[in-house]
Amino acid sequence: MTTPEKDLWDKISNFRLDDPDASFTFSARLARENGWTKEYTNRVIEEYRKFIFLCCVSKSPVTPSDSVDQAWHLHLTYTKSYWIDFCRDTLQREIHHNPTKGGGAERKKFNNSYSDLHVIYNEVFGSIPPEDIWQDNKTRFTQINFQRVSIDNYWLIKKPSLLAQKLLKVSFVVVAIFISIQASDNSIPFPVIVIILIIIALITAFRKGGGNGNSNSGCTTSSCSGDSCNSGGSSHGDSGCGSGCIGCSGCGGCGGD
């Protein structure tokens, strides 16, 4: 790092996200909304700091992991902390997070900028990003089918693996054939057949509920302010990979010469 970059990193590292006077802090909210442990949440926050730093020093666009993106999203809701205390007073530039326009070209752009971030991260911090926070590209851009769910009203059940799902399909077919054969011989009471079919229908419904995660959703950002940008990396709200604000996002890159 150059001396100015080191000074900036020190400012970002020392920036306080948790209000000491709050009974429900930023990190506690982030952990609760995502079902994370305190330890994992603190690690994500540290990676969020690194991502913002890379937004400031990188000449090319960079894209966060989903976990880091969740920290970013939440910080944006603390408007005074984000825009005044963080962007204006600490970073001295604005880091924008704009909804994506979508499309194949945008998806390719974000995939490339996510790959680039891993390289830049290693160059700047001297280590590869932790894999449990910075997933591989395939995971990052396919497992993005999220919905806001109240756990007070719904149970969350982990979907089986792809192999288990295939076995379930085969089992459903075998059970259906068996029931048909037995029903034709009148060896199974009709109410029992109805109950079995209802159970199969419910299992199928649960299995379909999660979706395949192939929607192209995301957000995009620019991290430029005034004359601080160079021509190497501008993405003023013109990139993304689908609809919504979950999935691929990034910042334009405003590193100096």
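J.: Where do I start with the overall build of the protein in this structure?
T.: Along the protein, the regular secondary structure elements total nine helices and two strands. Starting at the N terminus, the α and β elements of the protein follow one another as α-α-α-α-α-β-α-α-α-α-β. By residue count, 40% of the 257 residues in the protein fall in the buried class. Accessible surface, the protein: about 14,800 Å² in total, of which carbon and sulfur atoms supply 56%.

J.: Explain the packing of helix H2 (residues 26-34) against helix H4 (residues 66-77) here, please?
T.: Angle between the axes and distance between the axes: these two values describe a pair of packed helices. Between H2 and H4, the least distance of the axes is 11 Å, while the angle of their chain directions is 125°. Here H2 lies oblique to H4, going by the angle between them. Here H2 and H4 pass one another in a crossing that is right-handed. Contacts from Phe-26, Arg-29, Leu-30, Glu-33 and Asn-34 in H2 reach Gln-70, Ala-71, Leu-74 and His-75 in H4. Considering only residue class, the contact of H2 with H4 consists of four nonpolar, three polar and two charged.

J.: I keep staring at the side chain of His-97 and nothing clicks. Help me out?
T.: The residue His-97 is located in the loop between helix H5 (79-91) and strand S1 (98-99) in this model. With relative accessibility at 14%, the residue His-97 sits in the buried group. A polar atom in the side chain of His-97 sits 3.3 Å from the side chain of Asp-69. Here the side chain of His-97 touches His-73 through a polar contact of 3.2 Å, side chain to side chain.

J.: Is there a simple way to think about the pattern of salt bridges in this case?
T.: What the rule picks out here adds up to six salt bridges. Where Lys-6 meets Asp-10, a salt bridge forms, and the shortest distance between an N and an O atom there is 3.1 Å. Separated by four residues within a single helix, Lys-6 and Asp-10 lie in helix H1 (residues 3-14), roughly one turn from each other. Judged by its relative accessible area of 29%, Asp-10 is partly exposed. Asp-85 is paired through a salt bridge with Lys-80; the nearest N and O atoms lie 3.4 Å apart.

J.: Would you take a moment to explain helix H3 (residues 38-57) for this structure?
T.: For the α-helix, the turn length of 3.6 residues means that residues three or four positions removed from each other point alike. Under the 1.5 Å per step criterion, the end-to-end length of H3 is 29 Å for 20 residues, consistent within 8% with the ideal 28 Å. Burial runs high along H3: 15 of the 20 residues are buried.

J.: It is not clear to me how unusual backbone geometry should be interpreted in this structure. Could you clarify?
T.: With glycine set apart, most residues show a phi of negative sign, and most peptide bonds adopt trans. The phi torsion at Gln-92 lies on the positive side, around 60°, for a residue other than glycine. Inspection of the secondary structure puts Gln-92 in the loop between H5 and S1.

J.: What exactly am I supposed to notice about the packing of aromatic side chains here?
T.: The geometry of an aromatic ring pair is captured by two quantities: the separation of the ring centres and the angle between the planes. Taken as a whole and assessed by the stated rule, the structure comprises 14 aromatic pairs. Between the aromatic rings of Tyr-121 and Phe-125, the centroid separation amounts to 5.1 Å while the plane-to-plane angle is 55°, which identifies the pairing as tilted. Taken together, the residues Tyr-121 and Phe-125, both in helix H6 (residues 104-125) and four residues apart, mark about one turn of the helix. Considered together, Tyr-121 and Phe-125 belong to a single accessibility category, that of buried residues. Members of the aromatic cluster, joined through ring pairs, are Trp-9, Phe-53, Tyr-114, Tyr-121, Phe-125, Trp-134 and Phe-141. Over the ring of Phe-125 we find Lys-50, and its NZ or CZ is 5.1 Å from the ring centre. Over the aromatic face of Tyr-114 sits the side chain of Arg-140, whose NZ or CZ is 5.9 Å from the ring centroid.

J.: Explain the packing of H1 against H3 here, please?
T.: Between H1 and H3, the shortest axis-to-axis distance is 10 Å and the interhelical angle comes to 145°. The interaxial crossing formed by H1 with H3 has right-handed handedness. Between H1 and H3, the residues in contact are Glu-5, Leu-8, Trp-9, Ile-12 and Ser-13 and Glu-46, Arg-49, Lys-50, Ile-52, Phe-53, Cys-56 and Val-57, respectively. Of the residues belonging to the contact of H1 with H3, the class tally is seven nonpolar, one polar and four charged.

J.: Please clarify how the nonpolar core should be interpreted in this entry.
T.: In a soluble, globular protein the nonpolar side chains are often hidden away together inside. Residues Tyr-48, Phe-51, Ile-52, Leu-91 and Ile-95 are the most contacted members of the largest nonpolar core, which totals 39 residues. Contributing elements (two or more residues each) for this core: H1, H2, H3, H4, H5 and H6. Considering each element in turn, this core owes the most residues, eleven residues, to H3.

The rules behind these values
- Here the residue numbering is sequential within each chain, running from 1 through the sequence in written order.
- Side-chain atom pairs in this predicted model are given and counted only at pLDDT of 80 or more, local residue features only at pLDDT of at least 70, and totals for whole chains, interfaces and linings cover all residues.
- Think of the side-chain values as coming from all heavy atoms in the structure, minus any hydrogens and water.
- Secondary structure counts use DSSP, requiring at least four H or I residues in a row for a helix and at least two E residues in a row for a strand, with both numbered from the N terminus.
- For every residue, the accessible area (1.4 Å probe, protein chains only) is compared with the maximum for its type, and the residue is labelled buried under 20%, exposed over 50%, or partly exposed between those bounds.
- Surface accessibility in these figures is a Shrake-Rupley result with a 1.4 Å probe; residues are shielded only by whichever protein chains are displayed.
- Note on geometry: axes are C-alpha line fits, over the in-contact stretch for helices, and angles between N-to-C directions span 0 to 180 degrees.
- Roughly parallel here means an angle under 35 degrees, roughly antiparallel means over 145, roughly perpendicular means 65 to 115, and every remaining angle is called oblique.
- Should the near helix be turned counterclockwise from the far one by less than a right angle, the crossing is left-handed, whereas a clockwise turn marks it as right-handed.
- What makes two residues a contact is simply this: any of their non-hydrogen atoms within 4.5 Å.
- Each residue receives one of three labels: charged for Asp, Glu, Lys and Arg, nonpolar for Ala, Val, Leu, Ile, Met, Phe, Trp, Tyr, Cys and Pro, and polar for the others, Gly being one of them.
- Any pair of N or O atoms that falls within 3.5 Å is considered a polar contact. Within protein, one atom must be able to donate a hydrogen and the other to accept it, and sequence-neighbouring residues count only if both atoms are side-chain atoms.
- The salt bridge criterion pairs a side-chain nitrogen of Lys or Arg with a carboxyl oxygen of Asp or Glu, the two atoms within 4 Å.
- Working rule for helices: expected span equals 1.5 Å times residues minus one.
- We call Phe, Tyr and Trp rings a pair once their centres come within 6.5 Å, taking the six-membered ring for Trp, and we label the pair stacked below 30 degrees between planes, edge-to-face above 60, and tilted otherwise.
- Definition used: whenever NZ (Lys) or CZ (Arg) falls within 6 Å of the ring centre and also within 35 degrees of the ring normal, the charge is taken to sit over that ring.
- In this description, a nonpolar core means a group of buried Ala, Val, Leu, Ile, Met, Phe, Trp, Tyr and Cys residues linked to one another through side-chain atoms lying within 4.5 Å.

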